[in-house]
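Each chain, written out:
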Amino acid sequence: MPHILRTFPAAFVLLLLLAACDRSDPEYNAEVVPYTGATITAADATVTDPSGEKGWQVRRMDDRVVISRSILCGDECSETIQLSLRSRGDGALPAFAGLIRIRRNALPDRRTQETLPARRVEVQDWDVDGIVSGQIIGPEPIVFWVDLADAVEG
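Here's what I pulled together on the structure shown here. This is a predicted model, so every value here is computed, not measured.

Regarding its fold elements, the chain presents one helix and 12 strands. Along the chain direction, N to C, the helices and strands of the chain fall in the order α-β-β-β-β-β-β-β-β-β-β-β-β. The buried share among the 154 residues of the chain stands at 32%. In the chain, 41% of the contacts between residues at least 6 apart in sequence involve partners at least 24 apart. Counting every atom, the chain has about 9,700 Å² of accessible surface; 54% of that belongs to carbon and sulfur.

Turning our attention to the sheet that holds strand S6 (residues 77-86). Strand order in this open sheet of six strands is S8-S7-S6-S5-S4-S12, and the pairing throughout is mixed. Each having just a single partner strand, strand S8 (110-115) and strand S12 (152-153) make up the two edges of the open sheet. In this sheet, S12 lies alongside strand S4 (residues 57-61) in parallel orientation, the contact comprising two bridges. Considered in S12, the bridge of arginine 59 is made with valine 152.

With that settled, the discussion passes to the pattern of salt bridges. Applying the stated rule across the entire model yields five salt bridges. The salt bridge partner of arginine 60 is aspartate 129, with a shortest N-O separation of 3.8 Å. Pair noted here: arginine 60 is in strand S4 and aspartate 129 is in the loop between strand S9 (120-126) and strand S10 (131-137), with a separation of 69 residues, a long-range link. Classification of aspartate 129 as exposed rests on a relative accessible area of 58%. Residues participating in the shared-partner salt-bridge network are Glu79, Arg101, Arg103 and Glu114.

With that settled, the discussion passes to the state of the cysteines. The final tally for this structure, using the stated rule, is one disulfide. Each sulfur of the disulfide joining cysteine 73 and cysteine 77 lies 1.9 Å from the other. One disulfide, between cysteine 73 and cysteine 77, carries an S-S torsion of -65 degrees and so falls in the left-handed class. On the basis of relative accessible area, cysteine 73 is assigned to the partly exposed category, the value being 31%. On the accessibility criterion, cysteine 77 (12% relative accessible area) is buried.

Ranked by internal contacts, the top residues of the largest apolar core, which has 24 residues, are Trp56, Ile67, Leu83, Phe96, Leu99, Val121 and Phe144. If you list the elements that add at least two residues to this core, you get strand S5 (64-74), S6, strand S7 (95-105), S9, S10 and strand S11 (142-147). Contact partners of leucine 83, with chain neighbours within four places excluded, come to Val65, Val66, Ile67, Phe96, Gly98, Leu99, Ile136 and Phe144.

Spatially, S1-S9-S10-S11 is the arrangement adopted by the four strands of the open sheet, whose pairing is mixed. Here the strands that pair on one side only, and so sit at the sheet edges, are strand S1 (31-34) and S11. The average angle at which neighbouring strand axes cross in this sheet is 25 degrees, direction not considered.

Conventions adopted
- Residues numbered from 1 in each chain as written.
- Predicted model: local features only at pLDDT ≥ 70, side-chain atom pairs only at ≥ 80, totals over all residues.
- Heavy atoms only, no water.
- Helix = DSSP H or I, 4+ residues; strand = E, 2+ residues; numbered from the N terminus.
- Buried < 20%, exposed > 50% of the residue type's maximum accessible area, 1.4 Å probe, protein only.
- Contact = heavy atoms within 4.5 Å.
- Areas by Shrake-Rupley, 256 points an atom, 1.4 Å probe, with all protein chains shown as cover.
- Pairing = 2+ DSSP bridges.
- Salt bridge = Lys/Arg side-chain N within 4 Å of Asp/Glu carboxyl O.
- Disulfide = S-S within 2.5 Å.
- Core = buried A, V, L, I, M, F, W, Y, C linked by side-chain atoms within 4.5 Å.
- Axes fitted to C-alpha atoms, helices over the stretch in contact; angles between N-to-C directions.

If you want it as structure tokens, here you go:
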């Protein structure tokens, strides 16, 4: 019996730590569903900032696809939206792995990063050797379109 009493507090602390690490908040654990709207094209996912048109870039890291788009947000500021999706095998839609915004300011030299809420990621195309496109449903919809043939590894 004394052994059980010594083990209980440690098990209780471990349980509390695991609960604190749970990111089950639906805003940060978006469901991934098929897209059913009008066809998304590369032009639909392009935005314009003071330096011109900005599309999406892509990077592959093992089973993860990270797509990002950077824009200028002022004379000395840039902002990058980064969506991470994890492959779940052939024929299956990907799993949501995160959505963040990174802001860089030159004066003063500062970098901030925040996790963005996303309720749902609607995937139109998911081809790990071709096009990945869709939209993120959150406070503001974000349309994405990228060709994985242009992906950088790592």
